[in-house]
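Here are the chains, one letter per residue:
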Amino acid sequence: MRTFMVANPKGGCGKSTVAVHLASWFARSDEVVYLGDLDRQQSSRQWLELRPPSLPRIRHWNLSGGEVTQPPGDCSLAILDTPAGLHGKPLKKMLSEVDRVVVPVSPSRFDMLASSEFFEELAEIKAVRKEKVGIAIVGMRVDQRTLSSQQLVEFLQQFDLPLVSCIRSAQRYVQAIDTGTTLFDTHGTAAKEIDQWRPLLDWLVSRR
Ligand SMILES: Nc1ncnc2c1ncn2[C@@H]1O[C@H](COP(=O)(O)OP(=O)(O)O)[C@@H](O)[C@H]1O
Ligand SMILES: [Mg+2]
């Protein structure tokens, strides 16, 4: 059983979008996937309620108490969506329960500043220092050919954290979320978008 957590204290950077995409990707394989939502806004849980039953199944991991509990016994992969503002003790506790952390970052100045405090906090946490937890960054709404993507790369160099994927901005993400689906459910019509996720998916299944 592995647990992946999607986190960044900045709201709106794409955490829920990444969490549901990862859940739907791994649900297409043999994994028994549980999606847990620790955010009071419950975006991921609401998305899951809309999900058509004909699509690969993602199970609901009920975390309404706001704390990470043991996932159900049949779970092979748990994905955690987390709230904005997550830091301090709750962050530390969550990190002790997970294998990988995916941090979506938008290339805006405000997002990068908010993320830098988060990266500094992460670097102090024992599970991270001892490399028990792997951390990777995903550029969200980033077109790799633009200046802002270069600025994101330069910004991340100071933290020694890998930028594994850059996901460009596309209206399809917004539309998919509205129907309980993801771009991975589109039967090949979003091939270019899906290619951008591959390095992240490879990193998640790698042994490091
Ligand atoms: N790559 C993208 N392209 C276009 N819209 C996006 C993209 N990623 C996220 N969004 C949109 O941005 C908004 C915030 O994303 P969300 O995943 O809810 O962020 P968070 O969970 O961090 O608050 C949502 O409306 C979502 O559909
Ligand atoms: Mg969210």
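The structure displayed is predicted, hence computed values, not measured ones.

Rules of the game
- Residues numbered from 1 in each chain as written.
- Chains lettered and ligands numbered in written order.
- Predicted model: local features only at pLDDT ≥ 70, side-chain atom pairs only at ≥ 80, totals over all residues.
- Heavy atoms only, no water.
- Helix = DSSP H or I, 4+ residues; strand = E, 2+ residues; numbered from the N terminus.
- Rg over C-alpha atoms; globule rule 2.2 N^0.38 Å.
- Buried < 20%, exposed > 50% of the residue type's maximum accessible area, 1.4 Å probe, protein only.
- Contact = heavy atoms within 4.5 Å.
- Areas by Shrake-Rupley, 256 points an atom, 1.4 Å probe, with all protein chains shown as cover.
- Lys, Arg positive; Asp, Glu negative; His and termini not counted.
- Charge placed at Lys NZ, Arg CZ, Asp CG, Glu CD.
- Salt bridge = Lys/Arg side-chain N within 4 Å of Asp/Glu carboxyl O.
- Near = heavy atom within 4 Å.
- Polar contact = N/O pair within 3.5 Å; in protein donor to acceptor, adjacent residues only side chain to side chain.
- 1 Å grid on protein atoms, 1.4 Å probe; cavity = no way out; pocket = protein on both sides within 12 Å on 5 of 7 lines; lining within 4 Å.
- Sits in = over half its atoms within 2 Å of the grid points.
- Points joined across faces, edges and corners; volume = space filled by probe spheres on them.
- Nonpolar A, V, L, I, M, F, W, Y, C, P; charged D, E, K, R; others polar.

All right, on to the overall build of the chain then. A count of helices and strands for the chain gives 8 helices and 7 strands. Here the C-alpha atoms of the chain give a radius of gyration of 16 Å, agreeing with the 17 Å that 2.2 N^0.38 yields for 208 residues. Across its three principal axes, the chain shows a C-alpha extent of roughly 45 × 35 × 30 Å. Residues classed as buried in the chain amount to 51% of the 208 residues present. Looking at the chain alone, contacts between residues at least 24 apart form 78% of all its contacts between residues at least 6 apart. For the chain, the computed accessible surface area is about 10,500 Å², with 48% contributed by carbon and sulfur atoms. Within the chain, one finds 26 positive and 24 negative side-chain charges whose respective centroids are separated by 2 Å.

Residue position: aspartate 111 is located in helix H4 (residues 109–124). According to the relative accessible area criterion, aspartate 111 is buried, its value standing at 9%. Not counting residues up to four positions away in its chain, the partners in contact with aspartate 111 are Lys10, Cys13 and Ser106.

All right, on to the pattern of salt bridges then. For the structure shown, the criterion picks out 8 salt bridges. A salt bridge links lysine 93 to glutamate 67; its shortest N-O distance comes to 3.7 Å. Residue lysine 93 is found in helix H3 (residues 88–95), and its partner glutamate 67 is found in the loop between strand E3 (59–61) and strand E4 (77–81); the two are separated by 26 residues along the sequence. Across the salt bridge formed by arginine 145 and aspartate 143, the nearest N and O atoms sit 2.7 Å from each other. Looking at aspartate 143, the relative accessible area reads 24%, which means it is partly exposed.

Another point: the site of ligand 1. Ligand 1 sits among 15 residues. The nearest are Gly12, Lys15, Ser16, Thr17 and Arg141. Here an oxygen atom of ligand 1 sits 3.2 Å away from a polar atom, N or O, in the main chain of cysteine 13. At 2.6 Å from an oxygen atom of ligand 1 is found a side-chain nitrogen or oxygen belonging to threonine 17. The fraction of the free accessible surface of ligand 1 (560 Å²) that becomes covered by protein chains is 79%. In this structure the site holding ligand 1 corresponds to the largest pocket. Looking at the shell around ligand 1 element by element, the count peaks at 3 residues for helix H1 (residues 15–27).

Right, let's get into unusual backbone geometry. What is expected of a backbone is that most residues other than glycine have negative phi and most peptide bonds are trans. Of note, glutamine 42 is a non-glycine position whose phi angle comes to about 55°, a positive value. Here glutamine 42 shows up in the loop between strand E2 (33–37) and helix H2 (43–50). Judged by relative accessible area, glutamine 42 falls into the buried class, the value being 15%. A positive phi is found at glutamate 131, a non-glycine position, where the angle reads about 60°.

A few words on the layout of surface pockets. As a volume, the largest pocket reaches approximately 510 Å³. The wall of the largest pocket is formed by 25 residues, among which Gly12, Gly14, Ser16, Thr17 and Arg141 lie closest to the centre. When residues of the lining of the largest pocket are traced back to their parent elements, those giving at least two are H1, H2 and helix H7 (171–178). Of the residues forming the lining of the largest pocket, the biggest block, 5 residues, is contributed by H7. Residues that form the lining of the largest pocket fall into these classes: 10 nonpolar, 10 polar and 5 charged. In this structure, the second largest pocket encloses a volume near 330 Å³. Among the secondary structure elements, those contributing two or more residues to the lining of the second largest pocket are H4, helix H5 (126–129) and strand E6 (134–140). With 4 residues, H4 is the single largest residue contributor to the lining of the second largest pocket. Class assignment of the residues belonging to the lining of the second largest pocket gives a composition of 9 nonpolar, 1 polar and 5 charged.

By themselves, these figures tell us nothing about what the structure is for.
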